Each structure stands twice: as C-alpha cells, then as structure tokens.
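Each chain, letter by letter, is given below.
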Amino acid sequence: MKQSASTKPNLTPMMRQYVAIKQQNPTTVLLYRMGDFYEMFNEDAKTASRILGLTLTSRNHGGADATPLAGFPYHALDRYANRLVKAGYRIAICEQTEDPKKAKGLVKRDVIEIISAGTATETSFIDEKSNNYILGIVVNDGTAGVSICDLSTGEFSVEEIEKEKLSEEIVRVDPAEIIAADGGEDPLAGLSEENGFAQRVITRYDGWKFDRDNAEEVLKCHFSVASLQGLGFESYETGIRAAGALLSYLKEQKKNDLRHISSLIPRTLSRYAELDPSTIRNLELLKPIHSDDKGGTLISVLDRTCTAMGGRLMKRWITHPLKQAPEISDRLDCVEWLKKDVFVRGEIELLLKQIFDIERLIGRITYERANARDLSALKNSLNVFPKIVKTLSPKSNNVIRGISQNLEGFEDLALRIDETIVDNPPLSLREGGIIRKGVSQELDEIKEASQNGKKWIASLQETERKNTGISSLKIGFNKVFGYYIEVSKANISLVPETYIRKQTLVNGERFITPELKEMEEKILGAEERLSSLEYELFVSLRTEIAGYCSRIQKAAEAVAMLDVFTSLAKIAADSGYCRPIIREDSNIIIRECRHPVIEQMSIDEQFVPNDAIVGGKDAQIILITGPNMAGKSTYLRQNALIAIMAQMGSFVPAAKAEIGIVDKFFTRVGASDRLARGQSTFLVEMIEVANILNNATDRSLVLLDEVGRGTSTFDGISIAWAVAEHLHKTPKCRPRTFFATHYHELTELALLFPRIKNMHVKVKEWNDKIIFVRKVEDGSCDHSYGIQVARLAGVPEPVIKRAKEILANLESMELTPDHKPALARHDGETRTSEPTMQTDLFFQSPQVIKDPQLENIKKKLDTIEINNLTPIEALNHLAEIKKAVDTPPEQLLED
C-alpha cells in the first residue's frame, strides 16, 4: 500500500499538516497561515512567484530535497489573492483555527474559504457596479437548465431555455465563472472559444451533484420546504439540477450555510426582448468593441447612478429590455415624474449618495464576514430611508409607492446598532474598542478595571522615580515581556534590590517587581476578557441583523430602482430626451433621432438628427446607400439603441418617438474573424446572417450593414439581394430592417417590392471633394465616393488618379443591355443575353466596344463644339442623337 505524503515520517509536523490540507484541496493554490504570513509551498509557490512576482526561496522541511517556498504578509491578502483569482486560479484560505497561546503542540489549521472568479465577494475582488455572476448549467434533450447566482448579493435564479439559446444567454449574463458536470453531455461543447468564452473560468464539478434527487434535496434543505412545488418549480427538470448543484458548490467553497440566499426566482426570458451576442457587442451596450477605448458605450451615457446597487441594476435593464407595454409605461411614469420635479430629483440624489452598498453589506453580515464598520455603514444607510420616504410621499405612482413601502420600518434596527457600536469602530474585531459603554455591565466593569490598572502603572513610574532617585526611569510594555521598568546603565547602581532583572540592553537594563507583575496579570487578563466579551456581543448583534436579511434585500432592490429612475430622469433632462410612446403594432417612428453616445462625445462637428420610419405596408425594409463616413452605420445603430432605451424604460434622444415593441434585436455590422476556429471574416458574417434569417420574426428589428462585402463583388451582390428578398417575402420572418449597402444595384429592389424603401445619406460634391451633410433623405445614391474618402485618408495622389481611371473602365461596362433589373430574374426566365461571367478588372467588354448605337452617338458628340452652339443648332443635334438611339443596331451595321 502506497504511503500518503502526509504520513511520511521524514516530514516535519507542520509540513505533514500542510500536505494533508493540500490533498483535500488539490485544485487550489493553498495560502497557509503561519503567524503574520501566508506561505505557499511546492508548485503553489512556483505559481505565486510567477503570477505575483514574489521571491521564490527554498527550505528543507524534512524531505530529501529543499521545498520551494513563497509568501506574503497577512495584511496584503486581498491584493495578492485578487491577482491570483484574476489569473484564473482558485485559492484556498487556510487559517489558524485555535489560539496559539492555548494550543498544545502544532496549532490547528483548516481551510475557511475557497475563492474563485465566481465566488469572490469582497470589494477588492469585484467591481462595485457590476454583478459577479456564477452559472450552473445542465443540458438534456435539447433543453438547457441555467442557474444564476451573485454570491455577493444573494441573487439566485433559475431558467430553462432551448440549448441553441445558451450561448446568447451566457453572453447576456456575462458570468465570471461557469460550473458544469465533469461527466455526461458537455453543455459548453462548441462554446468555449467563441464570444469570449475562452476568457471565462469554467469549473468541472462532481457529476453526481447534478443528479435530480441530490439537487432537489439540497434546495429543499436550504429553503426549509417539504416540496419544490411551493417554490413554483414542479415542472422544472434541468433547471432544478443546475440550481441544486450550484448551491452545493457555493456552500463547499464558502464553508457557510449562505442564508442570505433567501429565495430562488424562476427566470423567464419571455418577459424580455432577446439580444443576441452580436447585438450586445456591436451596439457597444456595456463594453466598447475595442478594449482600449474609454467610454463609447450606452452604459457610460445612461449610468449616472449614485449607488453601486443602482449601477448594477442599470446594466441588467440595458441587456434585458422589456416586452410588456404596461410594465414599460410604469417605468416611464417614474422617469417622467422625476424629470419634471427638479427639486425632488435633487433631494433624492443627495440622499442616495449617503447610502452604502447595503445589498452586499447584508450578504457579508449573513455569511459572517462583516466587521463593525460594515454594521455602522448599514446603520447610516438605514437612517437615510425615512428621509427618502418623506421626499417621495406626494407621489401616488404604484411603483414609487412600492419603493416607499420597502424602505419603511427600519428605525428600531438602526437604533439598536447605534446603541451598541461606537461611532468610529476599529477594523479589527479581536482587539476591543467596538462596543459602547452601557451595553453590558460586565464589560463596563472589566473596562474600568483595565483603565484603573493602567492608571496605577502610569502613577507607578512617578513613584519609582522618587523612591530611587532615577529621573530617567520609565515603565514600558511589549507583547513578549509584558510590563517592565527600564533603567539606563549610568543609573544601574541606584536600582533597589527588590527589582528583578528581566532583560539586558545595549544602553540599559529592564526589570520587573512582584507588584508590577501582579498588576500586569490583572490588566492583561482584563483586556483579554474584554476583547473576548466585545467579540461575543458583536457576533450576537451581527446574528440579530442577519434575521432582517430578506427585508434589507428588498430595501436594497427598492433603492437600486429609485437610483436608476433618478439617473434616467437626469440624463433625460440634461440632454433633451423625450418620452417614447410604446405601441403594440409594428411601426417605429422616430423624429429627429440622435445617437445617444456620439452626441455626448467631444467632437468638433455638431450631431445632425434624422427621422426614421420603419415598419408597416410601405417601409418594412429601409435600404440605405451613401458614401463611407457619411453616417450610415451611425444611423442604423442609433435607431436600435433608441428602441432598446425605450423598452428598458428610458426617455430617448429624439423630438418624438413611437416604438412598436421589438421581440428580438439582431445586428450584422462590422468585420471580425475567429481564426482560432478556422472562421474567416466572411464566414463569421454569414453565420450571423444565418442566425438572423433563421430566428427573426415579424416583431424583430434587424440591422444589416454591408452584407456580402467579404467576398467577390458579384457573389456579395447576389447574397445581399437574396437576403433582402427573403426578409421581405418569407411569412413570419418579415422583421423591420435597416439595410445599409454600397451595392447600388440593390436599390432596384424598391421597384420590385412594395415594402422596400430607398433612402440615402446626403453629401455635397465640390471641386472633386465631398462634404458630409449627415442628412438621411428619401431616394437612392448612385455613387459611393470611395475615391474621395481615400483622398481624405491621405492615400497618395497617383493612386487616387489611377483608381479614377479604373473606376471609369468599370462604369463603362453596363451588365443590363435589356434595360431591366437583371438581378431580379430567377432561373428559367427568358434572358435577352447570355449570363456574363465576372470580368477581369482591366478587361473591356467586346459587347460594349462593338455597340454600333453607342459608337455612332460618340462620333456625333465628338464633332460638336459646345461653346459655339446656338440654341437651334443644339436642338438639331439633339434630334439627330435621338434618331440614332431609335435606329435599330442592324440598320446601323448595314450602313
């Protein structure tokens, strides 16, 4: 039988203890507490040295070879642990679990907490305005069970969705960590390298923890219910498995019952409009596409919240726009009231700034991580609630009334904390100075005894100076020797015989007396009991507050909602936003709409608003042409952002807006690739287009920007044309669509289909240069001005000149000799000419060169001197040209 490393006789007792604990936590970096340091050994030490930049040393602990060693001071735990977690490691905090003074032999140690990306709760690890979500996922027969938890706040929900929507939901939730079973069907198969999944921490957990019976028992035990029917989950299968396994995992990591997870909320996506991963990324709702950009996101514009809770809720609202008109209207009512009442809004902002993150505070209190300063912060926050309720009282809106009700009734709890905890408590819980006088008679007596003892020692110094005649004599204290009398070497001869030598120094001697030793024992005994009793009283109060957990969580939710309403009202007032009208039909009508982000940016050019009307019988698809840099992409995005803002309950940057509710938002914009998966830019584009065509409905909103540009010209035009036809003709897949393109051939679609409308971005051309007007108008544009834009970018003039020559060659080759929209033909239809293969860039079509009509007209035009023509001569020449055009080609050839 192989001998365990922890029982090898050649290891020191300390290393045997370390190895035993490490074997119980093999997948973690073990931080082993030794006095004032956390030490790491072996591979953990090498990892820490590399990630944290610590010096790697070694020491022999009884083995054949020296043991690698690295460590850092205990007070730097948050800083170093945070860096390990950010690097994707799980860390186990191993503490001394008994008082070293009372220990017999080796001090007992144990892991008190395991911290990973998804289980971190301290503010040093996580962003205060972002939820730190961890997901549990189970997939079975095409259904995905997804359990979502933010351990720092206690939020816990579960849903069951189609497996195909799992990627979309993960991107929307944006978890820090995902747990899945270590066996069976892998729910993350095919997802790990796309949409940023490679950057997420994925943890494999015991497969049996995901079994239905085990998961159900965990949930029933935690929520103290006999059946899950009472929680509303009787029809759930994969969701229950995911939730139970996730809760087991969290309890194992935190070594705690986690009573602040007080409810399991059934989460249904039917309440929210869908945002696919491309839309969240392309519209830059929460993060800029380019990571080095600062701001430039919708959240950066809308988030003027005063609390961390409000900031987190704002993000959830942006990625979860509503679909029910009454609920949206309720939110808009609140924003409108706060927008109009400047005084109330200003008062609410001032009060909100005084509230701490009580959602995370009550979490720390409940799982026993809170200190006295946390309790004081909670008390100060609770004292603000009555002032908020008083300020909101004139408003009768149901939502506002609900907020007020959830903030009432905390006066007694705030008073209880205030009467127990001193105003400015210390950070440490073990050194006293936390509890007010009058809370405990025993505590007051001990404090008085300790204070009297210290006064006695202070007076002893003066007494001994007089008795000995040593004016420099002093009484000091340290943790090693306790109290002592210190005398310089020059005065050693004056020391009484009753003094007992304790320590020799370079410049003097230290002594004790029986009386001093007796008083020391009284003082230190009193201080030890004092600290112990204060800690007991603090823990009792903390446990009492934990009983209010559910009520405080509801109050935190109310504060967050009020904060978001106030933030949205402020931006609406400051930026001239209007209240959108929410409609049940498919029309979207926006007058003088602006891009909410771009108009806030500091640029020299003033933003030009535009109208947007899409939907209905005349404008299901808006086909937009115009040059590069003219603003087509901005126009597309601003309309989608306005619809999202309206459905989340925000006012919008427009003069007027009527929004027919959108069920799904889709975007196909920009260029990107996934080379690691063998996917080119064009393949990624086509995957996104396929997603739109397969999942859009009549109530969806689609943005298509330059579809088909990633392949050859004719292929691209063909695909773009077919996509537009499909979105127009396919039943139940006729979404409202903004389609921007440089393929001017697509403008012919408006001649063939009644619900396709042409629009263009207006520019002015002067002296072979272009001026961007930024105005979107009816009709099409027949020129992209790409060469002029290239000149603006600084392309050398010889290249510009040559490009114009090549463009002239290409424009001379018309591919529709029958004067009909050739792209609209289907296979089997009569053609007036053979299909033309894609031509070489510099090849001139023989058909064009030998066209007798064109040659005859050219000859006549070459003989005309325009500057010397009289009006009658001009008319005669025009008549001759018209006659040449009307003459059949065969007759011209005979001539």
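Rules used in this analysis
- Residues numbered from 1 in each chain as written.
- Predicted model: local features only at pLDDT ≥ 70, side-chain atom pairs only at ≥ 80, totals over all residues.
- Heavy atoms only, no water.
- Helix = DSSP H or I, 4+ residues; strand = E, 2+ residues; numbered from the N terminus.
- Buried < 20%, exposed > 50% of the residue type's maximum accessible area, 1.4 Å probe, protein only.
- Areas by Shrake-Rupley, 256 points an atom, 1.4 Å probe, with all protein chains shown as cover.
- Contact = heavy atoms within 4.5 Å.
- Salt bridge = Lys/Arg side-chain N within 4 Å of Asp/Glu carboxyl O.
- Expected span 1.5 Å × (residues − 1).
- Polar contact = N/O pair within 3.5 Å; in protein donor to acceptor, adjacent residues only side chain to side chain.
- Pairing = 2+ DSSP bridges.
- Axes fitted to C-alpha atoms, helices over the stretch in contact; angles between N-to-C directions.
- Lys, Arg positive; Asp, Glu negative; His and termini not counted.
- Core = buried A, V, L, I, M, F, W, Y, C linked by side-chain atoms within 4.5 Å.
- Parallel < 35°, antiparallel > 145°, perpendicular 65-115°, else oblique.
- Nonpolar A, V, L, I, M, F, W, Y, C, P; charged D, E, K, R; others polar.
- pLDDT = per-residue confidence, 0-100.
- Phe/Tyr/Trp six-rings, centres within 6.5 Å; stacked < 30°, edge-to-face > 60°.
- Lys NZ or Arg CZ within 6 Å of the ring centre and 35° of its normal.
- Left-handed = near helix turned anticlockwise from the far one by under 90°.

Asker: What should I look at first to understand the overall build of the protein chain in this one?
Answerer: Helix and strand content of the protein chain: 29 helices and 27 strands. In the protein chain, which comprises 895 residues, the proportion classed as buried is 48%. Carbon and sulfur atoms make up 51% of the accessible area of the protein chain, which amounts to about 43600 Å² in all.

Asker: In this structure, what is going on with the environment of Tyr499? I would like to understand it.
Answerer: Within the fold, Tyr499 resides in the loop between strand E15 (482–488) and strand E16 (500–504). Separated by 14 residues in sequence, Tyr499 and Thr513 place their C-alpha atoms 5.3 Å apart. Each residue touching Tyr499, except ones within four places of it in the same chain, is listed here: Glu464, Thr468, Leu473, Ile485, Phe511, Ile512 and Thr513.

Asker: How do you make sense of the pattern of salt bridges when you look at a structure like this?
Answerer: Where side chains of opposite charge bring their charged atoms close, a pairing between them can arise. Within this structure, the stated rule accounts for 43 salt bridges. A salt bridge links Lys220 to Glu217; the shortest N-O distance between them is 3.9 Å. Of this pair, Lys220 and Glu217 both sit in helix H5 (residues 212–223), 3 residues apart, roughly one helical turn. For Lys220, a relative accessible area of 19% puts it in the buried group. For Glu217, a relative accessible area of 48% corresponds to the partly exposed category. With its nearest N and O atoms 3.4 Å apart, the salt bridge here joins Asp778 to Lys757. Taken as a pair, Asp778 in strand E27 (residues 769–778) and Lys757 in strand E26 (residues 756–766) lie far apart in primary sequence, 21 residues in all. Asp778 gets classed as exposed once you look at its relative accessible area, which sits at 52%. In this structure, a network of salt bridges that share partners links the residues Glu159, Glu168, Glu169, Arg172 and Arg267.

Asker: Can you walk me through the environment of Thr27 in this structure?
Answerer: Inspection of the secondary structure puts Thr27 in the loop between helix H1 (13–24) and strand E1 (29–34). Note: C-alpha distance between Thr27 and Ile91 (64 residues apart in sequence) is 8.6 Å.

Asker: I keep staring at helix H3 (residues 77–86) and nothing clicks. Help me out?
Answerer: Residues separated by three or four positions in an α-helix point in the same direction, a consequence of the helix having 3.6 residues per turn. Within the sequence span of H3, burial applies to Leu77, Tyr80, Ala81, Asn82, Leu84 and Val85. Here the buried face of H3 lies against E1, strand E2 (37–41), helix H2 (42–52), strand E4 (67–73), strand E5 (91–96) and strand E6 (109–115). Just downstream of H3, Gly88 is the residue with a positive phi angle, here 95 degrees.

Asker: How should helix H10 (residues 325–340) be read in this particular structure?
Answerer: Compared with the 22 Å implied by 1.5 Å per residue over 16 residues, the 22 Å span of H10 between its first and last C-alpha is a close match. By the burial criterion, the buried members of H10 are Ala325, Ile328, Arg331, Leu332, Cys334, Val335, Trp337 and Leu338.

Asker: Is there a simple way to think about the side chain of Glu706 in this case?
Answerer: Relative to the helices and strands, Glu706 is located in the loop between strand E24 (701–705) and helix H22 (713–729). One polar contact links the side chain of Glu706 to the main-chain amide nitrogen of His742, over a distance of 3.2 Å. Those residues in contact with Glu706, other than ones at most four positions away along the chain, are Lys632, Glu685, Ala740, Thr741 and His742.

Asker: When you look at the sheet that holds E6 in this model, what are you seeing that I'm missing?
Answerer: The pairing of strands in a sheet comes from backbone hydrogen bonds and takes either a parallel or an antiparallel form. Taken together, 6 strands build an open sheet; the order of strands is E3-E4-E2-E1-E5-E6 and the sheet is mixed. This sheet does not close on itself; its edge strands, each paired only once, are strand E3 (57–59) and E6. Between one strand and the next, the sheet's axes are offset by a mean angle of 35 degrees, whatever the strand orientation. Where E3 meets E4, 3 bridges bridge the pair, whose relative direction is antiparallel. Within E4, the position partnered with Thr57 by the bridge is Leu69. Strand contacts of H3: E1, E2, E4, E5 and E6, with the helix running at about 150 degrees to E5, the strand carrying the most contacts.

Asker: It is not clear to me how the side chain of Arg755 should be interpreted in this structure. Could you clarify?
Answerer: With respect to the element layout, Arg755 can be found in the loop between helix H23 (749–752) and E26. For the buried Arg755, which has no salt bridge, the nearest side chain bearing the opposite charge is Asp698, at an N-O separation of 7.8 Å. In this structure Arg755 touches Gly616, Lys617, Asp618, Ala619, Gln620, Ile621, His728 and Arg734, once residues within four positions along its chain are discounted.

Asker: Is there a simple way to think about the nonpolar core in this case?
Answerer: The nonpolar side chains of a soluble globular protein tend to be buried with one another. By size, the foremost hydrophobic cluster in this structure holds 115 residues, and its most contacted members are Leu302, Ile388, Ile545 and Phe738. The greatest single-element share of this core, amounting to 14 residues, is contributed by helix H19 (residues 549–575). Excluding anything up to four places from it in sequence, Leu302 contacts Met314, Ile318, Ser567, Leu568, Ile571, Met645, Met648 and Ser650. Formed by 29 residues, the second largest nonpolar core is a distinct cluster that contains Cys149, Ala243, Leu247 and Leu258.

Asker: Would you mind going over the packing of H10 against helix H11 (residues 342–352) with me for this structure?
Answerer: Closest axis-to-axis distance for the H10/H11 pair is 5 Å, and the angle between their directions is 100 degrees. One element, H10, and the other, H11, form an angle in the roughly perpendicular class. Contact residues: H10 offers Trp337, Leu338, Lys339 and Lys340, while H11 offers Val342, Val344 and Arg345. Among the residues forming the contact of H10 with H11, the class breakdown is 4 nonpolar, no polar and 3 charged.

Asker: Before we go on, may I ask you to explain the sheet that holds strand E18 (residues 581–583) in this structure?
Answerer: Sheet architecture is open: 4 strands sit in the order E18-E22-E19-E20, paired in mixed fashion. This sheet does not close on itself; its edge strands, each paired only once, are E18 and strand E20 (610–614). Mean inter-strand twist for the sheet, computed between neighbouring axes without regard to direction, equals 15 degrees. One ladder, built from 4 bridges, connects strand E19 (residues 588–593) with strand E22 (residues 656–660); its direction is antiparallel. Looking at the pairing, Arg591 lines up with Lys656 of E22.

Asker: Would you take a moment to explain the confidence of the model for the protein chain for this structure?
Answerer: Parts of the model with low pLDDT should not have their predicted coordinates read in detail. The pLDDT averaged across the protein chain works out to 84; a share of 86% of its residues lies at or above 70. A low-confidence stretch, residues 673–678 stays under pLDDT 50, and its non-local contacts, those more than four residues away or across chains, total 13 contacts. This model gives residues 831–849 a pLDDT under 50, and the stretch forms 24 contacts once residues within four places in sequence are excluded.

Asker: What should I look at first to understand the packing of aromatic side chains in this one?
Answerer: The description of two aromatic rings rests on the distance between their centres and on the angle between their planes. Throughout the structure, instances matching the rule amount to 12 aromatic pairs. Summarising the aromatic geometry, the rings of Tyr18 and Tyr32 are spaced 5.5 Å apart at their centres and angled 85 degrees between planes, so their arrangement reads as edge-to-face. Placement of the pair is Tyr18 in helix H1 and Tyr32 in strand E1, with a sequence separation of 14 residues. Accessibility assignment for this pair places Tyr18 and Tyr32 in one class, buried. Judged by centre distance (6.3 Å) and plane angle (75 degrees), the ring pair of Tyr205 and Phe210 falls under edge-to-face. Using a relative accessible area of 5% as the deciding quantity, one classes Tyr205 as buried. Among the aromatic side chains, those forming a connected cluster through ring pairs are Tyr18, Tyr32 and Phe41. For Arg79, the ring lying beneath its charged end belongs to Tyr80, and the centroid distance is 4.7 Å.

Asker: Sorry, what's going on with the packing of H11 against H19 here?
Answerer: Two numbers describe a pair of packed helices, the interaxial angle and the distance between the axes. Contact geometry of H11 with H19 gives a least axis separation of 10 Å together with a crossing angle of 130 degrees. The pairing of H11 with H19 is recorded here as oblique in orientation. Crossing angle aside, the handedness with which H11 passes H19 is left-handed. Judged by residue contacts, Arg345, Ile348, Glu349 and Leu352 of H11 engage Val559, Leu562, Asp563, Thr566, Ala569, Lys570 and Ala573 from H19. In terms of residue class, the contact of H11 with H19 is built from 6 nonpolar, 1 polar and 4 charged.

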